[in-house]
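# Understanding the architecture of this molecule
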Amino acid sequence: MKVVVLGAGVIGVTTAWWLAREGADVVVVERQRGPALETSFANGGQISVNHATPWAAPSTPWKALRWLGRVDAPLLFHPRFDPPLFAWLTRFLANCTRERVRLNTERILRVALYSRRLLGLVRAETDIAYDRLGRGILHIFRDRAEYDAALPSVELMSRLGCERRIVDAAGCVALEPALATVERDLVGGMFSPNDESGDAYAFTVGLAEKAHERGVMFLWNETISRLRASGDAIAAVETKSGEEITGDVFVVALGSYAPLMLKPLGIALPVYPAKGYSVTIPIAGHAGVPTVSLIDDAYKMVYSRLGERLRIAGTAEFTGYDATVTPRRARFLLETAMKLFPDGGDASRAEFWAGLRPSTPDGVPVIGRAPRFRNLVLNSGHGTLGWTMAAGTGRLAADLALGQPTEIPLDGLGLERFG
Ligand SMILES: Cc1cc2nc3c(=O)[nH]c(=O)nc-3n(C[C@H](O)[C@H](O)[C@H](O)COP(=O)(O)OP(=O)(O)OC[C@H]3O[C@@H](n4cnc5c(N)ncnc54)[C@H](O)[C@@H]3O)c2cc1C
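## Remarks on the domain arrangement of the protein chain
Taken domain by domain, the protein chain consists of domain 1 (2-40 + 202-267 + 363-418) and domain 2 (48-106 + 132-195 + 272-359). Here the C-alpha centre of domain 2 lies 28 Å away from the C-alpha centre of domain 1. Residue-level contacts link 16 residues of domain 1 with 15 residues of domain 2. When domain 1 packs against domain 2, close to 1300 Å² is buried across both sides, 63% of that on carbon and sulfur atoms. Among the residues of domain 1 in contact with domain 2, Thr39, Ser256 and Thr384 are the three that bury the most area, contributing 34% of the side total. On the surface where domain 1 and domain 2 come into contact, there are zero salt bridges. Counting across the interface, domain 1 meets domain 2 through seven residue pairs in polar contact (both at pLDDT 80 or more). Taken together, the residues that form the side of domain 1 that touches domain 2 break down as six nonpolar, nine polar and one charged.

Below is the structure:
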């Protein structure tokens, strides 16, 4: 069977790898010159299963209003006429109830737990080096009210199979000594020993090489202009350079761009780009660098040590398909990081980056068959957790493409949940 995968981010490449492993004939079509050069390039690096909660929660709308216009706003909306954003926000607000949070958390966790297990399997089979650290993730809090509000989630997450330990400020420092200088500012934390971190870009490049060795053909520098339909099937991918790639099944792994490709087919995928920033600084002999991956709740920022670099990531901005780095937002990330870790690396050599998280209103990716077409599979909308969920959703999409049973149930993951 010939499967055409659209997009070579972490999601497209993991899908292609599983497909090849199952013996399929695979072609990946990508507009960049190599894998993972868009959103999968410089993310926060966290395999964050135990913190995999949706953005849409009862407190989020009020927080977003409070943050309006602030340079340090973790979530920022620019008021403008944008019907897709308006439709997305309407659905987002509908997901901000306790009941929806419980439902969406269960769905996200089902995929994330499966995915972390499969990532271990891929690692064991391929031995790809990607600056992995398996020292857990520590979520730190500086605000008592925020901390108290977050505590009930520990119980929900443990009921759903997660392991999170509540620790006080001294416990945070015992786990991560680089936090010693800010111990008096901390009120406590939540530690998940089974979570990990690693460089999604290095992993994706390594896996693309392994996939290529297994026979996957990558077509680089090919921008897909459309999916050509014929009756109830997709017949081919057409590219701007005039290529036409036919196949038996097509998997859409185009991240934030998936809705644009699907719209002409009459498929409305509620995915909207949420711009986030990262800063990467060389450690360059500095001694105060964290080795436990961290989430700083106050600014919704994450920290991951990736070999000889410290990666800092965060913020979400709803500005459409604009991936440019706004200097003052990016610098805010760096300055906040240097306050937390004054000896955390060489800030003068910081590299700034921005990427578009393909976000669904409920925080759950869209994995399933597309409506109307019998040979079209969707694997898009991974939002804040694409690296965390890549290995598992790649496998699910591969199984769907090949008509095989999936190892975990798919209910609540498909497009049909949006009605
Ligand atoms: C600041 C930031 C921090 C993050 N931190 C984390 C984290 O710590 N942990 C985590 O799990 N996740 C994190 N994420 C989320 C994660 O990076 C994304 O969910 C993931 O990278 C999405 O992967 P993707 O393959 O779907 O999209 P992409 O990586 O964007 O891949 C889509 C591919 O499709 C290609 N494409 C698009 N249109 C076309 C076309 N017309 N023709 C040909 N090719 C096309 C693009 O070039 C691209 O390569 C973070 C994201 C950001 C922005």
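There is more to say, and it comes next.
## Some thoughts on empty space enclosed by the protein
Inspection of every chain in the model, using the stated rule, returns one cavity of 30 Å³ or more. In this structure, the largest cavity encloses a volume near 110 Å³. For the largest cavity, the lining is made up of 15 residues, of which Trp55, Thr360, Gly363, Gly383 and Thr384 are closest to its centre. Residues that form the lining of the largest cavity fall into these classes: six nonpolar, eight polar and one charged. For the lining of the largest cavity, the two domains that each supply at least three residues are domain 1 (2-40 + 202-267 + 363-418) and domain 2 (48-106 + 132-195 + 272-359).

## Side note on a nonpolar patch on the surface
Taken together, the side chains of Trp62, Leu65 and Leu68 make up a nonpolar region of the molecular surface, amounting to roughly 380 Å² of accessible area. As for its placement among the helices and strands, Trp62 is situated in helix H2 (residues 60-67).

## Let's talk about the pairing of strand S5 (residues 137-141)
Within S5, five of the five residues are buried, which leaves it mostly tucked inside the rest of the structure. Burial along S5 is two-sided: the face carrying Ile137, His139 and Phe141 and the face carrying Leu138 and Ile140 are both buried. Of the pairings in the sheet, the one linking S5 to strand S15 (residues 293-296) comprises four bridges and is parallel in character. Each residue of the ladder has a partner; that of Leu138, found in S15, is Leu294.

## Some thoughts on the site of the ligand
Taken together, the neighbourhood of the ligand is formed by 36 residues, with Glu30, Ser40, Gln46, Gly383 and Thr388 sitting nearest. The backbone of Ile11 places a nitrogen or oxygen atom 3.2 Å from an oxygen atom of the ligand. In the complex, the protein chains occlude 97% of the 1000 Å² of accessible area that the ligand would expose alone. Residue assignment for the shell around the ligand shows that the elements contributing at least two residues are helix H1 (10-21), strand S14 (272-282), strand S18 (351-359) and helix H10 (386-401). Looking at the shell around the ligand residue by residue, the classes come out as 13 nonpolar, 18 polar and five charged.

Parameters and conventions
- Residues numbered from 1 in each chain as written.
- Predicted model: local features only at pLDDT ≥ 70, side-chain atom pairs only at ≥ 80, totals over all residues.
- Heavy atoms only, no water.
- Domains from an automatic or database assignment.
- Contact = heavy atoms within 4.5 Å.
- Buried area = accessible area lost by both parts, 1.4 Å probe.
- Salt bridge = Lys/Arg side-chain N within 4 Å of Asp/Glu carboxyl O.
- Polar contact = N/O pair within 3.5 Å; in protein donor to acceptor, adjacent residues only side chain to side chain.
- Nonpolar A, V, L, I, M, F, W, Y, C, P; charged D, E, K, R; others polar.
- 1 Å grid on protein atoms, 1.4 Å probe; cavity = no way out; pocket = protein on both sides within 12 Å on 5 of 7 lines; lining within 4 Å.
- Points joined across faces, edges and corners; volume = space filled by probe spheres on them.
- Patch = residues over 30% accessible without salt bridge, like charges linked within 9 Å, V, L, I, M, F, W, Y side chains within 5 Å.
- Areas by Shrake-Rupley, 256 points an atom, 1.4 Å probe, with all protein chains shown as cover.
- Helix = DSSP H or I, 4+ residues; strand = E, 2+ residues; numbered from the N terminus.
- Buried < 20%, exposed > 50% of the residue type's maximum accessible area, 1.4 Å probe, protein only.
- Pairing = 2+ DSSP bridges.
- Near = heavy atom within 4 Å.

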